[in-house]
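Close look at the chain arrangement
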Amino acid sequence: DLQNPAVVEKYFQTNISNFTYSGESELISKLIRLEIKNFSMSHNLKFIDMTDILKKKSLELKIYGPKDYAHFNKNGYEIISHEIYKNYW
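A few points on the structure.

Analysis parameters
- Residues numbered from 1 in each chain as written.
- Predicted model: local features only at pLDDT ≥ 70, side-chain atom pairs only at ≥ 80, totals over all residues.
- Heavy atoms only, no water.
- Core = buried A, V, L, I, M, F, W, Y, C linked by side-chain atoms within 4.5 Å.
- Buried < 20%, exposed > 50% of the residue type's maximum accessible area, 1.4 Å probe, protein only.
- Contact = heavy atoms within 4.5 Å.
- Phe/Tyr/Trp six-rings, centres within 6.5 Å; stacked < 30°, edge-to-face > 60°.
- Lys NZ or Arg CZ within 6 Å of the ring centre and 35° of its normal.
- Salt bridge = Lys/Arg side-chain N within 4 Å of Asp/Glu carboxyl O.
- Helix = DSSP H or I, 4+ residues; strand = E, 2+ residues; numbered from the N terminus.

**Describing the nonpolar core**
In globular proteins that are soluble, nonpolar side chains generally tend to be buried together. Listed in full, the six residues of the largest apolar core are Ile48, Met50, Leu54, Ile63, Ile79 and Ile80. Setting aside anything within four residues of it in sequence, one finds Ile79 in contact with Met50, Ile53, Leu54, Lys57 and Ile63.

**Focus: the packing of aromatic side chains**
Here a ring pair, both rings aromatic, is described through the centre-centre distance and the interplanar angle of the planes. Inspection of every chain in the model, using the stated rule, returns two aromatic pairs. Plain terms: the ring middles of Phe72 and Tyr77 are 5.6 Å apart, the flat faces sit at 80 degrees to each other, and that makes the pair edge-to-face. For Tyr77, a relative accessible area of 46% translates into the label partly exposed. Every member of this aromatic cluster is reached through a ring pair, and the members are Tyr64, Phe72 and Tyr77. In this structure, Lys46 packs its charged tip against the face of Tyr88, placed 5.1 Å from the ring centre.

**A look at the pattern of salt bridges**
Going through the model one piece at a time under the given rule, you end up with five salt bridges. For Glu26, the salt bridge is made with Lys55, and the minimal N-O distance between the two is 2.8 Å. You can see Glu26 sitting in helix H1 (residues 22–42) and its partner Lys55 sitting in helix H2 (residues 51–58), a full 29 residues away along the chain. Accessibility expressed as a relative area gives 26% for Glu26, which makes it partly exposed. The salt bridge partner of Asp49 is Arg33, with a shortest N-O separation of 3.1 Å. Of the two residues, Asp49 is situated in the loop between H1 and H2 and Arg33 in helix H1; the sequence distance between them amounts to 16 residues.

**Some thoughts on unusual backbone geometry**
Pro66 follows Gly65 through a cis peptide bond whose omega is 0 degrees. Mapped onto the fold, Pro66 is located in the loop between H2 and helix H3 (74–88). Despite not being glycine, Asn44 shows a phi value in the positive range, around 55 degrees. The topology assignment puts Asn44 in the loop between H1 and H2. For Asn44, a relative accessible area of 73% puts it in the exposed group.

Spatial relationships are all this shows, so hold off on functional conclusions.
Okay, here's the thing in structure tokens:
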């Protein structure tokens, strides 16, 4: 639940912070996921969108950190692996 304006760091270009609004970030996220879904369908690949699942689970437990907040921790990876297993077996 981002508060407006949300700060987004763009490390791949500069170290300067860019401001964006949470609604804008959500729209960009949906467009990216739609592109991935369309690509997957056109190449006969299954795409599991983990976004809503991870958002919901993150309200219950920490899925990032504490050693590295840029990547999932054990909880995050267990959620992902469970969803993959559930969707393929």
